[in-house]
Amino acid sequence: MAGMRGKQTVRGMFQSMAVICAAAGVIYLFIPHDEKADPIKAVDYRVELVTAQRAAPYPVLAPEGLADDWKPTSVAYDREEGDAWHLGFLTPDRQYVAVEQSTAASRKYISEVTHEARDTGRTRQVAGRAWQLWEGPKYDALVLRDKGVTTVVTGTATEEQLARMAEALRPAKKAQPV
């Protein structure tokens, strides 16, 4: 009788496993899943933009008129770290572009947000303004220093894409009081 009990335990375990696997298979079939879906989700940066606009001592810039295939992926505003505004995007060809603004010491700030890029000594005219060209091992950048604020458009994207972002930048519209 004792030998029979061991076989029943093993048989019960296999029966339980079969029921669990069948249930998992049914669940897998009925839960929608799309392997082709983009794992990178777009972020809505409007709330953070309004917050930064109200708190920052400079005109906070955000793009207007970019094509819909430019996907916003990250946003942050840090008042304690030089009123730093960050807005990250993926370009249509999946390169990274970030808009960075701060009142922090410009040399250190630019080096930090561009991951050690260096000033090339050249400029590029974008929307009637001369932006400095910086190049680095990881990111390249367009840099504009104006009235106590440094604006950096940086990332892995091409110089043309960085310029397209810089050209699209506009001061955030003031929020209307409710």
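Remember, predicted model here, so these are calculated numbers, not experimental data.

Asks: Tell me about the overall build of the protein, and please be specific about residues and values.
Replies: Counting its secondary structure elements, the protein contains four helices and nine strands. Put simply, the protein has 178 residues, and 35% of those count as buried. A separation of at least 24 residues holds for 48% of the contacts in the protein among residues at least 6 apart in sequence. Just so you have it, the protein exposes about 11,600 Å², and 57% of that area is on carbon and sulfur atoms.

Asks: Run through the nonpolar core, naming residues and quoting values.
Replies: Grouped together as the largest cluster of nonpolar side chains are 32 residues, with contacts concentrated most on Trp 85, Trp 131, Leu 142, Val 153 and Met 165. Every element with two or more residues in this core is listed here: helix 2 (46–55), strand 1 (61–63), strand 3 (84–90), strand 4 (96–102), strand 6 (129–135), strand 7 (140–146), strand 8 (149–155) and helix 4 (159–168). In terms of residue count, helix 4 provides more of this core than any other element does, five residues in total. Once residues lying within four places of it in the same chain are set aside, the contact partners of Met 165 are Pro 63, Leu 66, Trp 70, Phe 89, Val 97, Val 99 and Val 153.

Asks: Explain helix 2 to me, and be specific about the residues and the numbers.
Replies: Each turn of an α-helix holds 3.6 residues, which means side chains three or four residues apart point in the same direction. Every buried residue of helix 2 is listed here: Leu 49, Ala 52, Gln 53 and Ala 55. The inward-facing, buried residues of helix 2 abut strand 1, strand 2 (71–78) and strand 3.

Asks: Residues and numbers for the pairing of strand 4, please.
Replies: A regular strand places its side chains on the two faces of the sheet in alternate fashion. Most of strand 4 is tucked away, with seven of its seven residues classed as buried. Of the two faces of strand 4, the one holding Tyr 96, Ala 98, Glu 100 and Ser 102 and the one holding Val 97, Val 99 and Gln 101 are both buried throughout. Sheet topology note: the strand 3/strand 4 ladder contains six bridges and is antiparallel. Each residue of the ladder has a partner; that of His 86, found in strand 4, is Glu 100. The turn joining strand 3 and strand 4, which pair antiparallel and follow one another in sequence, is formed by five residues; a positive phi near 65° is taken by Arg 94. The sheet contact formed by strand 4 and strand 8 spans six bridges and is antiparallel.

Asks: Talk me through the side chain of Thr 114; I want residue IDs and the actual numbers.
Replies: With respect to the helices and strands, Thr 114 occurs in the loop between helix 3 (106–113) and strand 5 (118–126). Since its relative accessible area comes to 0%, Thr 114 is described here as buried. At 2.7 Å, the side chain of Thr 114 forms a polar contact with the backbone oxygen of Ile 110. A distance of 3.2 Å separates a polar atom in the side chain of Thr 114 from the backbone nitrogen of Ala 117. Ignoring anything within four residues of it in the chain, the contact list for Thr 114 reads Tyr 139, Ala 141, Val 152 and Thr 154.

Asks: Run through the pattern of salt bridges, naming residues and quoting values.
Replies: Within this structure, the stated rule accounts for six salt bridges. As a salt-bridge pair, Glu 159 and Arg 124 come within 3.0 Å of each other at their nearest N and O atoms. Taken together, the positions of Glu 159 in helix 4 and Arg 124 in strand 5 put the pair 35 residues apart, joining distant regions of the chain. Of the residues examined, Arg 124 reaches a relative accessible area of 23% and is grouped as partly exposed. Residues joined by salt bridges that share partners form a network here, namely Arg 124, Glu 159 and Glu 160.

Asks: Hey, could you go over the side chain of Ser 111 for me, with residue numbers and the actual values?
Replies: Structurally, the position occupied by Ser 111 is in helix 3. If we skip the residues at most four places from it in the chain, Ser 111 touches Glu 116 and Arg 118.

Asks: Account for the sheet that holds strand 7, with residues named and values stated.
Replies: Strand order in the open sheet formed by seven strands is 2-3-4-8-7-6-5, with antiparallel pairing between adjacent strands. In this open sheet, the two edge strands, each paired with only one partner strand, are strand 2 and strand 5. Within this sheet the neighbouring strands show an average axis-to-axis angle of 20°, counted without direction. With seven bridges joining them, strand 2 and strand 3 adopt antiparallel strand pairing. Following the sheet pairing, Tyr 77 is matched in strand 3 by Trp 85.

About the cut-offs
- Residues numbered from 1 in each chain as written.
- Predicted model: local features only at pLDDT ≥ 70, side-chain atom pairs only at ≥ 80, totals over all residues.
- Heavy atoms only, no water.
- Helix = DSSP H or I, 4+ residues; strand = E, 2+ residues; numbered from the N terminus.
- Buried < 20%, exposed > 50% of the residue type's maximum accessible area, 1.4 Å probe, protein only.
- Contact = heavy atoms within 4.5 Å.
- Areas by Shrake-Rupley, 256 points an atom, 1.4 Å probe, with all protein chains shown as cover.
- Core = buried A, V, L, I, M, F, W, Y, C linked by side-chain atoms within 4.5 Å.
- Pairing = 2+ DSSP bridges.
- Polar contact = N/O pair within 3.5 Å; in protein donor to acceptor, adjacent residues only side chain to side chain.
- Salt bridge = Lys/Arg side-chain N within 4 Å of Asp/Glu carboxyl O.
- Axes fitted to C-alpha atoms, helices over the stretch in contact; angles between N-to-C directions.

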